[in-house]
Structure formats: C-alpha cells, structure tokens
Amino acid sequence: MMLMTRRPMTRRNAVFGIAAAAALARSSMSRAQSAGRVIVVGGGFGGAACARALKRANATLQVTLIEPNKVFTACPFSNEVIAGLRDIELQQFGYDRLGAEGVRIVNQAATKVDPQQRTVTVADGTSLPYDRLVLSPGIDFHFEGLPGYDEAASEKMPHAWKAGTQTLLLRKQLEAMEDGGLVAIAIPANPSRCPPAPYERASLIAHYLKTKKPRSKVLILDAKDSFSQQRLFEKAWKELYGDMIERVALSQGGRVTSVDPSTRTIVTEFGNYTPDVANVIPPQRAGRIAEIAGATDATGWCPIDPVTFESKLAPNIQVIGDACLGGGIPKSASAASAQGKACAAAIVNLFAGRAPETPRLTGVCYNTVAPAYGFSLAGNYQPKGDIYAEVEGGATSPVDAPRELRAREAAEAERWFQTVTADCFG
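Because the structure is predicted, anything quoted here is derived from the model rather than measured.

*Asks:* I'd like a description of the packing of helix α6 (residues 197-212) against helix α7 (residues 230-241), backed by residues and values.
*Replies:* Contact pair α6 / α7: the axes reach a minimum separation of 11 Å and the direction vectors enclose 5°. By the angle between their directions, the pair α6 and α7 is classed as roughly parallel. Between α6, through Y199, E200, S203, A206, H207 and K210, and α7, the contact on the second element is made entirely by F233, W237, L240 and Y241. Here the contact of α6 with α7 is built from residues that sort into 6 nonpolar, 2 polar and 2 charged.

*Asks:* Tell me about the nonpolar core, residues and numbers included.
*Replies:* By size, the foremost hydrophobic cluster in this structure holds 106 residues, and its most contacted members are F45, L54, I66, L133, L135, I317 and V319. Here the element with the most residues in this core is helix α9 (residues 333-352); it accounts for 9 residues. If near-sequence neighbours (up to four positions away) are discounted, L133 is found in contact with I39, V41, V113, V120, N316, I317 and Q318. In this structure, A153, A186, L219 and I266 belong to the second largest nonpolar core, which totals 14 residues.

*Asks:* Go over the pattern of salt bridges, please, and point to the residues and values.
*Replies:* Tallied over the full model, the rule gives 19 salt bridges. Here E175 ties to R171 by a salt bridge, and the two come within 3.4 Å at their closest N and O atoms. Pair noted here: E175 and R171 are both in helix α5 (residues 165-176), with a separation of 4 residues, about one helical turn. In this structure E175 comes out as partly exposed when scored by relative accessible area, which is 45%. K312 is the salt-bridge partner of D386, the closest N and O atoms lying 3.1 Å from each other. Of this pair, D386 sits in the loop between β21 (373-384) and β22 (387-396) while K312 sits in the loop between α8 (288-292) and β19 (317-319), and the two are 74 residues apart along the sequence. Take D386: its relative accessible area is 52%, and that puts it in the exposed class. If you follow the salt bridges from partner to partner, you end up with R52, R56 and E101 in one network.

Reading the values: the criteria
- Residues numbered from 1 in each chain as written.
- Predicted model: local features only at pLDDT ≥ 70, side-chain atom pairs only at ≥ 80, totals over all residues.
- Heavy atoms only, no water.
- Axes fitted to C-alpha atoms, helices over the stretch in contact; angles between N-to-C directions.
- Helix = DSSP H or I, 4+ residues; strand = E, 2+ residues; numbered from the N terminus.
- Parallel < 35°, antiparallel > 145°, perpendicular 65-115°, else oblique.
- Contact = heavy atoms within 4.5 Å.
- Nonpolar A, V, L, I, M, F, W, Y, C, P; charged D, E, K, R; others polar.
- Core = buried A, V, L, I, M, F, W, Y, C linked by side-chain atoms within 4.5 Å.
- Buried < 20%, exposed > 50% of the residue type's maximum accessible area, 1.4 Å probe, protein only.
- Salt bridge = Lys/Arg side-chain N within 4 Å of Asp/Glu carboxyl O.

Structure (structure tokens):
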C-alpha cells in the first residue's frame, strides 16, 4: 500500500510597529487557537493513521483522538485467531506511541456532535471544541435489515465482525462442536467491511475442521452471486478442502432473510438451516456517531468529497475509513490507513489556505486460505466525480500460480500487517 505524506504547514508573520505587531500577535494567536484544533473520533486504522499524520505534519496542531477502548483489536488476521492459528494478543495495539508524539487520547465514547458549535460531547458530559472533526467510526450493524438478529442474538450466533470477544466466542464454539457438525456462515450483500474476508474465514474454518474434525462441513449462505477474488478462492477450496465447503449463492436462495437465535435457525428464501455453529454477519452501516453528526444519508453511509474527505452533509467534518461511501475503493484496513494520511494532508492544506492535492490511494488486500497459502489483490484509486474509481496499475494474484508463490504471498501478508500496524500505532 502507498502511505500518503505531505510537507508540513508553515506560517508567515509581518511586523508593522509595536502596537500593530501586538494586535497582530493577539489576532494570530486567536486564529491559531481557533484553526488548529482537530478531533479524530475512532481509533482504528483510519483514525490512528490520521491523528499521527496530522501531528507529524504540523506539531503545533492540537490533535485529540477520541476512542473508548484503550486497546484496539485488529480485524485483519482475526480469522486466523478463529481457526486456532494465532493468539488474539497479536491483534491488539494500544495508543501510547500516539500519546508520546503529542496526540491527546480521550478514552471515552463520543455521544454527541454539534456541527454548528463545532463541539463533540463524550460519555462523561465533557464538551470538546474543534475546528476540524474527522470521523473514523468504522461500522455498526443494521439490525433492522435482518429480523431476529440483535446484540443478544450475537451471543448465540456470533458475527465476529468486530474483532475481540466475538472472535474468541466463535473460536470457542468451533472447538466445542463435535466432529461431523455443520458450520454455517451467513454473508450480507455489499457494501460491507472487507468483502473477501467472509470467504477467507470459510477457508480457515475449513482448515481447522480438516485438521481437527474432518467429518464436518462449512456452508456459506451468500446474499451475493459473485464476490471478490472468487476464482482464486474456489480453486483453493477444491485443491485444499474438496467438498468440505458448500456455497449457496443469491440466485440459488442463499440470502438470509431472518434468524431465530433460540433454535439457532437460519431462514433463507428457499429453506431453513439449523447448523451446529452459526456465524451470522449482519448488514452494516456507518458507525453510530456518524449518524448522530448528520453525516449519513439514506444508505446509512457517509457521502464525501473524495479529494478532501469532507462530508457532503455536515460542515467542517471529514469522514474516512469504512464509514464513508468510497465508490470503488474497498472498506479495508489498507484503504482506511491510506485515507487517514490523505485526509490529514487535506486538513493541513485547508488550514494553510492552500488548494487541496488530488490523492492517489493504493490499497492491497491479502487473503490467507491455509497456512503458507495466500493471494492478493492490489488496486489504485483516484477521485472521479463524487467517488473513488479504480485506475490502471492494479494487480491480482494469478489463478494458476505455483505453491511457492502462494507461500510467498502468505508471508507478504504477515509483513504487510506488521508494517501497517506499526505505521498506525507505533
């Protein structure tokens, strides 16, 4: 992935005379105080990258990161935790490095945004002023879009789509299942976080079952007919897992229409299923604070200016990461990190009165379908009209690659994860 960098902002002052200079100094100080405060809400890949890039671009900016969790648990590689291939501690990162670099960390939830007064209220009632607000709240679940599913249901039919306790719950259910059991994965329609990730999850669960419970099966109930890197996944499934994985596509009746957590029943348009383990990934939308701020439209996502990431609905607010309507750019850690840096550069230019630069973002998506077996999709994206569009220069792994390349890409995936987490969190 390409990490966005920009030159630091500079200020120039003129001297006119003692009285005039003093007045100008007071005026300049007032402007600096009112035009140098940036609040970033959300400490995931996008928010952390943005906060860090802002402070590095201009150390005089007052940068505050609002994030209720003191430890961030990353979603990339969490499927390996589910499959028993990785400890969850390797997914967890704190904010000490950002704090050491001068970013103020507020470990509370943002509960209210007033775009007119330019304030964010946090859980204890404190109101924090800003000149620019960056929302990077990730996703929330659109429970109304899946009757029967809610927070309580997720304790019986885990989504594991926000890494942490849900990740471990799904892993525990797999470990408790008897050999010969059925694992069902319900996949929603797009847009959703990291569209290829459910198929990576199916692959790694199949690896676990093949190793530990070889008479078991994985059933994918899919609200889509096609998906990203489909040929690569299907070839790997046939090669590695035989008939262990079955996928029911949208046109075959795979869309889940409701669930009954009391009986662990998944209802589709053409039939019902009662698996031993039900991994239900519900429809999604932007994190709740984006709606509170007035930055979401009827889709539940946030329309933005793709050059500056400014909200089209709420003044002085920018939206990055999974929450925004990014067009062709996927909702992924790689994209969020790149957007965070590009957004920081845009803010620095806005404060300095400079014209924004047109960002070119490069993102890469790695998928691991078994130990030492991975593949990737890289894309380049630039603003086109109101959205991001993919431009030339992208690449995907060849379908008929030798195992040596698959092993090399699996190793590259691990190196990418180490790089992006170090870049965002230190």
